[in-house]
Amino acid sequence: MKKSSTSNSNINKTSTRNGSSNGSNNNKSAVLSMKSENKKLAKEIKSLVLWKSPLKTLKYASLEVFFLIKTNVDRLLHQRALLLAIICLLSTVLVLIYTPGQHQHVIDVFKSKGFFMCYWLGLGILSSVGLGTGLHTFILYLGPHIASVTLAAYECSSLNFPEPPYPNEILCPEDNGNAGHIVPSLWSIMAKVRFEAFLWGAGTALGELPPYFMAKAARLSGNTTEEPENLQELEKLQKRKQKGEKLNLFDKGKLMMEDIVERVGFFGILLCASIPNPLFDLAGITCGHFLVPFWKFFGATLIGKAVIKMHIQKIFVIISFNENLVDKFIQLLAFIPFIGVRLQTPFKAFFEGQKQRLHRNTQNLSSAPKGNLLASVFEYFVFAMICYFVISIINTFAQSCCKRMRKQHGSASSDVGSAKKLS
């Protein structure tokens, strides 16, 4: 009897060992299959670019656009109070525009300044909203505008440019005497471009809100699958740091950004927003994840980007395009071996052309001097940057659509598998 009982116990032990080993093998195979599927998915998503598979990329991008429109329209229709408020506001604006009265003077001011405000706000939003690669609108638009005002201030000895055509075009005032002529200072030029620079900075602050709201919504819902990818990446980096793995400088910068925002709070956000910082999206995601109050995050971001950082950038551009520094820069080009003298010619022609444009009569704007090689190169550069920005948006939409559809397919298949197991 004892022998039979011991043999039965040994059989039970071996069976349990076999069962546990089979279970562990199944778990390992499941993990390996998941990793291979994730690699395949990542490879498929990376291949969705216009220069590799244009038709497929355009198809997925169109589906993503329709999905976003449908989702936002459904959300708006479910929020009837907000929809009613928008309709009432639009109706009131239309009535005020088309009803005669003394308020038309205010309407005219809004019409003249409204496009100007929306233009610079929109450029700021495009610079930081995270669509595609982002459009570097400071380099393409605001920086050249500040540089043009700086050069015009030194050439005209005045900042009283005639309006119109300013700010669309800068002309020296028609004053033959010395009245209104000044020696332009750094602060006077900064004051001249303060409004558009503030609007651009405020636009960049508004562009940082989507990552904040996405991370906050994911945290409040409690669904970790809806968390932004950057937040999931931060969690992986933290695990790698805890394990003692070696991180590159960029990854260390990400972790430092999260640490500053999490520990210092308002002043940490202000510090990160006040300097040129390509990792500031992580600050918005971190603030949203840790449920930092909206006005604390947005207030620090607005002060940092629209006031502190904007003044730093303005000072840099104005000092760089000082008349004396520009002349010295053109002279120094001659010291570049082989091509220095050739480079001087287009730069001299460009700045001479700018000076001639400033002294044209406001009634004869069509007599503009023809652009030179340098101006044409910059125009082509702006066009190429905008085209690349649009292409990157299409690629991003296509990749997000593919990722969303694969996740939906994976969740549906897992639900079917669990239903089969239960049956």
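In the annotation of an unreviewed UniProt entry, the entry for the chain reads Vacuole membrane protein 1, and the organism field reads Anopheles atroparvus.

K.L.:
What exactly am I supposed to notice about the state of the cysteines here?
P.N.:
As used in these notes, a disulfide is a covalent bond between sulfur atoms, one from each of two cysteines. A full pass over the atoms with the stated rule returns one disulfide. Here Cys 156 is linked by a disulfide to Cys 172, with a sulfur-sulfur distance of 1.8 Å. Its torsion about the S-S bond being -75°, the disulfide of Cys 156 and Cys 172 is classed as left-handed. Placement of Cys 156 in helix H5 (residues 137–156) and of Cys 172 in the loop between H5 and helix H6 (186–192) is noted, with a sequence separation of 16 residues between them. The exposure class of Cys 156 is buried, given its relative accessible area of 5%. Lacking any disulfide linkage, Cys 401 is separated from the closest cysteine sulfur, that of Cys 402, by 7.3 Å. Overall, Cys 401 belongs to the buried group, its relative accessible area being 0%.

K.L.:
Can you help me understand the nonpolar core in this one?
P.N.:
Note on soluble globular proteins: their nonpolar side chains tend to be buried together. If you look at the biggest cluster of nonpolar residues, it comprises 26 residues, and the most contacted ones within it are Trp 120, Leu 142, Val 149, Phe 161 and Trp 200. Elements with a minimum of two residues in this core: helix H4 (104–128), H5, H6, helix H7 (194–207) and helix H13 (294–320). Here this core takes nine residues from H5, the largest share from any one element. Each residue touching Trp 120, except ones within four places of it in the same chain, is listed here: Tyr 141, Leu 142, His 145, Glu 196, Leu 199 and Trp 200.

K.L.:
Is there a simple way to think about a nonpolar patch on the surface in this case?
P.N.:
There is a patch of nonpolar side chains on the surface, built from Val 65, Phe 66, Ile 69, Val 73 and Leu 77 and spanning about 460 Å² of accessible area. Position of Phe 66 relative to the elements: it lies in helix H2 (residues 54–78).

K.L.:
Sorry if this is basic, but what is going on with the packing of aromatic side chains here?
P.N.:
The geometry of two aromatic rings is summed up by the distance between their centres and the angle between their planes. One pass over the structure, following the stated rule, counts twelve aromatic pairs. Pairing Phe 116 with Phe 195 gives two aromatic rings, centres 5.9 Å apart and planes at 20°, and the pair type is stacked. Of this pair, Phe 116 sits in helix H4 while Phe 195 sits in helix H7, placing them 79 residues apart in sequence. Each ring, one from Phe 213 and one from Phe 294, has its centre 5.7 Å from the other, and the planes form 15°; the classification is stacked. Within this pair, whereas Phe 213 is found in helix H8 (residues 209–221), its partner Phe 294 is found in helix H13, the two being separated by 81 residues in sequence. The rings of Tyr 212, Phe 213, Phe 294, Trp 295, Phe 297 and Phe 298 are connected pair by pair, giving a single aromatic cluster. Stacked on the ring of Tyr 60, the Lys or Arg Lys 59 has its end atom at 6.0 Å from the ring centre.

Rules and cut-offs
Residues numbered from 1 in each chain as written. Predicted model: local features only at pLDDT ≥ 70, side-chain atom pairs only at ≥ 80, totals over all residues. Heavy atoms only, no water. Disulfide = S-S within 2.5 Å. Helix = DSSP H or I, 4+ residues; strand = E, 2+ residues; numbered from the N terminus. Buried < 20%, exposed > 50% of the residue type's maximum accessible area, 1.4 Å probe, protein only. Core = buried A, V, L, I, M, F, W, Y, C linked by side-chain atoms within 4.5 Å. Contact = heavy atoms within 4.5 Å. Patch = residues over 30% accessible without salt bridge, like charges linked within 9 Å, V, L, I, M, F, W, Y side chains within 5 Å. Areas by Shrake-Rupley, 256 points an atom, 1.4 Å probe, with all protein chains shown as cover. Salt bridge = Lys/Arg side-chain N within 4 Å of Asp/Glu carboxyl O. Phe/Tyr/Trp six-rings, centres within 6.5 Å; stacked < 30°, edge-to-face > 60°. Lys NZ or Arg CZ within 6 Å of the ring centre and 35° of its normal.

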